[in-house]
Amino acid sequence: MITDYWVVVPAAGAGKRMGADRPKQYLPLLGRPLLSLTLHNILSWPGLAGIVVALSGEDKFFPYLKEAKHPLVHTVTGGEERADSVLAALQFLLEREDEDTPVLVHDAARPCVALDDIAALLDISTSTIALLARPASDTVKHSLSVHGVPCVEQTLDRTQIWLAQTPQRAPLGLLHSCLSRALEQGEMVTDEASALEAYGHSPQLVEGQGDNIKVTRPSDILVAETILRLRYAPTEDNR
Ligand SMILES: Nc1ccn([C@@H]2O[C@H](COP(=O)(O)OP(=O)(O)OP(=O)(O)O)[C@@H](O)[C@H]2O)c(=O)n1
Ligand SMILES: C[C@](O)(CO)[C@H](O)COP(=O)(O)O
């Protein structure tokens, strides 16, 4: 299992699809801000060296989180898109750490990732670049718009379709160079793996669990709260 890795947490989004009165990372789940839950979870990962959180330049909420003053938690100002926020955090690390330092990028919006999945991602030795992902379990449709209405164009072969989650793991220097080149060249970069793929790398897919949801829309709040309640509920063992 790797140790002395850093975690980058992009948390500079606006949460438009959530449509709340504040960015979704500050909405309460079980009475605690989402970002606080995510940081609390990350701080329990074994072998962690530190966390860099990318925040919006207009963020007014972060200083009030319990984890804001934790000695392992650092912040940078993020950017326009998720990839810009991740790049800002990688730049911060590159000025302080060795290029070979392993980095895990994990969305602020995924508070429920299980420790078993983290262990699996930290454990792999076959590749230094990897991500948690789920094989598609539904039938996958490719759509086209007919007079503004989404319709099926065709059904895709799902046997090789995986849905990407986070964390996504790569060495600091490699990820920084692929991400900055991809952004300069206008590549579509919605996750770290896509930046690495653009330059010939083939990240390993590590099967994660379905409970690692990305809190995106209002209905996700209840699902995430249910997962967290079950995860942290007192049992015979931890009572
Ligand atoms: N400029 C941005 C945009 C997104 N993120 C972060 O990237 C993660 C995944 O993005 P997403 O779930 O799409 O969040 P938002 O961009 O906030 O959501 P929306 O697209 O609905 O506005 C989130 O933790 C979000 O805060 C970021 O750090 N910087
Ligand atoms: C990185 C990611 O979590 C993988 O599923 C996801 O792509 C980030 O969210 P976005 O909606 O694409 O910004």
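Residues numbered from 1 in each chain as written. Chains lettered and ligands numbered in written order. Predicted model: local features only at pLDDT ≥ 70, side-chain atom pairs only at ≥ 80, totals over all residues.

The chain goes by 2-C-methyl-D-erythritol 4-phosphate cytidylyltransferase in an unreviewed UniProt entry, where it is assigned to Microbulbifer epialgicus. Among the UniProt annotations of the chain, the heading Pathway (unreviewed entry) holds the following wording: "Isoprenoid biosynthesis; isopentenyl diphosphate biosynthesis via DXP pathway; isopentenyl diphosphate from 1-deoxy-D-xylulose 5-phosphate: step 2/6." (UniProt positions renumbered as here; feature names shortened; annotations may be inferred.)

Q: Is there a simple way to think about the packing of helix α2 (residues 82-94) against helix α4 (residues 172-184) in this case?
A: In a pair of packed helices, the angle between the axes and the distance between the axes together describe the arrangement. The geometry of α2 relative to α4 is characterised by a closest axis approach of 10 Å and an angle of 140 degrees between their N-to-C directions. By the angle between their axes, α2 is oblique relative to α4. The handedness of the crossing between α2 and α4 comes out as left-handed. Residue-level inspection shows Ala83, Val86, Leu87, Leu90, Leu93 and Leu94 of α2 in contact with α4, the latter providing Leu172, Leu175, His176, Leu179, Ser180 and Leu183. Partitioned by chemical class, the residues of the contact of α2 with α4 number 10 nonpolar, two polar and no charged. (Axes fitted to C-alpha atoms, helices over the stretch in contact; angles between N-to-C directions. Helix = DSSP H or I, 4+ residues; strand = E, 2+ residues; numbered from the N terminus. Parallel < 35°, antiparallel > 145°, perpendicular 65-115°, else oblique. Left-handed = near helix turned anticlockwise from the far one by under 90°. Contact = placed C-beta atoms within 7 Å. Nonpolar A, V, L, I, M, F, W, Y, C, P; charged D, E, K, R; others polar.)

Q: Quick question: what am I supposed to make of the UniProt feature "site: Positions MEP for the nucleophilic attack" (unreviewed entry) in the chain here?
A: Summarizing the sequence annotation, UniProt attributes the feature "site: Positions MEP for the nucleophilic attack" (unreviewed entry) to Arg158 and Lys214 in the numbering used throughout. By the secondary structure assignment, Arg158 is in the loop between β9 (149-156) and β10 (162-171). Not counting residues within four places of it along the chain, the set of residues in contact with Arg158 comprises Ala136, Thr139 and Val140. Looking at the element boundaries, Lys214 is found in the loop between β11 (204-207) and α6 (218-232).

Q: Even after reading the chapter, I still don't get the environment of Ile51, so can you show me in this structure?
A: With respect to the helices, strands and loops of the structure, Ile51 is situated in strand β4 (residues 48-55). For Ile51, a count of 23 C-beta atoms within 10 Å gives the class buried. Apart from residues lying up to four places away in sequence, Ile51 is in contact with Val7, Val9, Leu39, Ile42, Leu72, Val73 and His74. (Buried ≥ 20, exposed ≤ 12 C-beta atoms within 10 Å, placed from the backbone.)

Q: Can you walk me through the nonpolar core in this structure?
A: Burial of nonpolar side chains together is a common tendency in soluble globular proteins. Judged by nonpolar contacts, the single largest core of 54 residues is most densely connected at Val8, Val86, Leu90, Val103 and Leu179. The residues contacting Val86, other than those within four sequence positions of it, are Val8, Pro10, Ala54, Val105, Leu179 and Glu192. (Core = buried A, V, L, I, M, F, W, Y, C linked by C-beta atoms within 7 Å.)

Q: How should the sheet that holds strand β5 (residues 73-77) be read in this particular structure?
A: Strand pairing in a sheet relies on backbone hydrogen bonds, with the paired strands running either antiparallel or parallel. The strand order across the open sheet built from seven strands is β5-β4-β1-β6-β10-β7-β11, with neighbouring strands paired in mixed fashion. The open sheet has two edge strands with one neighbour each: β5 and β11. Averaged over all pairs of adjacent strands, the angle between strand axes in this sheet comes to 30 degrees, irrespective of strand direction. Bridge count between strand β1 (residues 5-11) and strand β6 (residues 102-105): three bridges; the pairing is parallel. Paired with Val8 across the strands is Val105, a residue of β6. (Pairing = 2+ DSSP bridges.)

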